[in-house]
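Coordinate inspection notes
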Amino acid sequence: MPGLPPSGRKKRGKRPPEREEKLNLQVIMNLICILIPALLSMQIVDYYRHDVELPARGGGGAPGQAQPTNRPFNLKLTIGADNSFMIVNAKVLSAADGLIEQGPGLLVPPQPNGAPNLKRLQAVLLKEKTQRLGGQPPESFPDPDQITVSAPGDMQFQKVMAALDYLRFEPVGPGKDFSEAKEMFSVITLSPGAVGG
Amino acid sequence: MPLYPSKRKEKEEEEADINITSLMDAFTIILVFLIKQFGSSAVEVAEAYRPPIAQTRLEIDRVLALQVREVAKDAITYRIGDKPEKAERRNANLGFQQMKADLDAEKKVVDATITDEKLKGEINIVVDASLSYSTLMGVMQSVASARFFKIKLITQP
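The helix and strand tally for chain A stands at three helices and seven strands. If you list the helices and strands of chain A from N to C, you get α-β-β-β-β-β-α-β-α-β. Out of the 197 residues in chain A, the part that is buried amounts to 24%. Here the contacts in chain A between residues at least 6 apart in sequence split such that 60% fall between residues at least 24 apart.

In terms of helices and strands, chain B carries four helices and five strands. When the helices and strands of chain B are placed in sequence order, the string is α-α-β-β-β-α-β-α-β. Burial analysis of chain B (157 residues in total) assigns 30% to the buried set. The long-range share in chain B, meaning contacts at least 24 apart out of those at least 6 apart in sequence, stands at 63%.

Despite not being glycine, N74(A) has its phi angle at roughly 60 degrees, a positive value. Along the chain, N74(A) falls in the loop between β1 (48-53) and β2 (76-79). A count of 14 C-beta atoms within 10 Å places N74(A) in the partly exposed class. For R147(B), which is not glycine, the phi torsion reads 70 degrees and is therefore positive. Along the chain, R147(B) falls in the loop between α4 (133-145) and β5 (150-155). The exposure class assigned to R147(B) is partly exposed, which follows from the 13 C-beta atoms found within 10 Å.

A separate point is the pairing of strand β1 (residues 65-72) of chain B. Residues and elements named next belong to chain B. Along β1, six of the eight residues are buried, which leaves the element largely enclosed by surrounding structure. Pairing of β1 with strand β4 (residues 122-127) involves four bridges; the strand directions are parallel. Residue pairing for β4: A65 is matched across the bridge by N124. In this structure, the hairpin formed by β1 and strand β2 (residues 75-80) is closed by a connection of two residues, where D74 is found at a positive phi of approximately 65 degrees.

It is common to give the size of an interface as the accessible area that goes away when the parts come together. Each partner contributes to the interface: chain A provides 38 residues, whereas chain B provides 43 residues. The residue inventory of the side of chain A that touches chain B, partitioned by class, reads 24 nonpolar, five polar and nine charged. Sheet topology note: the β1(A)/β5(B) ladder contains five bridges and is antiparallel. Among the inter-strand pairings, Y48(A) is bridged to a residue of β5(B), identified as T155(B).

With that out of the way, let us pick up helix α1 (residues 26-41) of chain A. End to end, α1(A) covers 23 Å across 16 residues, agreeing with the expected 22 Å (1.5 Å per residue, within 8%). Burial within α1(A) is sparse, with just zero of its 16 residues counted as buried.

Grouped together as the largest cluster of nonpolar side chains are 58 residues, with contacts concentrated most on L167(A), L66(B), I125(B), V127(B) and V143(B). For this core, the element with the highest residue contribution is helix α3 (residues 157-168) of chain A, accounting for seven residues.

Residue and element names in this part refer to chain B. For the pair helix α3 (residues 97-113) and α4, the least separation of the axes is 8 Å and the interaxial angle reads 35 degrees. Note that α3 runs across α4; the crossing there is right-handed. Residue-level contacts link M99, K100 and L103 of α3 to S142, V143 and S145 of α4. A breakdown of the residues in the contact of α3 with α4 according to their chemical character gives three nonpolar, two polar and one charged.

This part is about the pairing of β1(A). Direction of pairing for β1(A) relative to strand β7 (residues 187-190) of chain A: parallel, over a ladder of two bridges. The residue of β7(A) that forms the bridge with V52(A) is I188(A).

Reading the values: rules and limits
- Residues numbered from 1 in each chain as written.
- Chains lettered and ligands numbered in written order.
- Predicted model: local features only at pLDDT ≥ 70, side-chain atom pairs only at ≥ 80, totals over all residues.
- Helix = DSSP H or I, 4+ residues; strand = E, 2+ residues; numbered from the N terminus.
- Buried ≥ 20, exposed ≤ 12 C-beta atoms within 10 Å, placed from the backbone.
- Contact = placed C-beta atoms within 7 Å.
- Pairing = 2+ DSSP bridges.
- Nonpolar A, V, L, I, M, F, W, Y, C, P; charged D, E, K, R; others polar.
- Expected span 1.5 Å × (residues − 1).
- Core = buried A, V, L, I, M, F, W, Y, C linked by C-beta atoms within 7 Å.
- Axes fitted to C-alpha atoms, helices over the stretch in contact; angles between N-to-C directions.
- Left-handed = near helix turned anticlockwise from the far one by under 90°.

Below is the structure:
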């Protein structure tokens, strides 16, 4: 019978199922293996903040708002060049406590090794903050959460910042950090000049 | 000699291939997580600027950043946002006038773009830890003169 020529292909029995082409993931894997250590080795720093203010001239609050009935506390703190702290206008603190010394203001001296005694400063200010209200609500004072800070002009900012931590927050328990601390003085004013009474 | 590999050999070959699909999944998730974390900082601090170390953990808002460092007594370099760094010497009477003028110009742009009323007038100041207190005061006065009254000093843990 005439027709198509017989195929030259040999019959090899049943054709095997086609294998799926595998994706070549090696290139992507290599890339990821390089990127992950690179990203991990990069220093990722979380930054935080301290809110500060400059001294305001007068004020008086919004019209129609209930005005505080008492005079402002005007609590001031001077950081000394020798790492001492001088507190001015404290209402309840006295040298008789043994925590502070009497000077032109009330003095928190540095530690024997010369380092600032920040924990004592914090304890002293906490006492002042909690006891000076005399049973009145904080709203009856114009500046219940405010403190004015000044420092020598040539003092490094890092030293001032260390003090701000201990002014802003109440003491925390051992093993805890300031993220769990209650705020003590939330309004911190940085004063350019030396503070007096 | 057989034309096709034996079933046993075929099985051995399949076993030799490691299945990396799950590994790829894990790596992709880690990569996405790392990239996201890397780009999540609300303030970009240039390498030369070193904020002071502090224990505060108050979170920062995504607002205009001013970076300042002292290069000599009463002389600073500063960067506003991602603008190029500039240098200025403090004028004894007028303070940092050039920085104030730059901040004034930036304030108009910031006010036009910020929608959240709470963030208006807010500025993150990245002050180098070695800056002197008097220079800090000069910087803060210039910032306040440019009507940025909510001053946030940036710290690192």
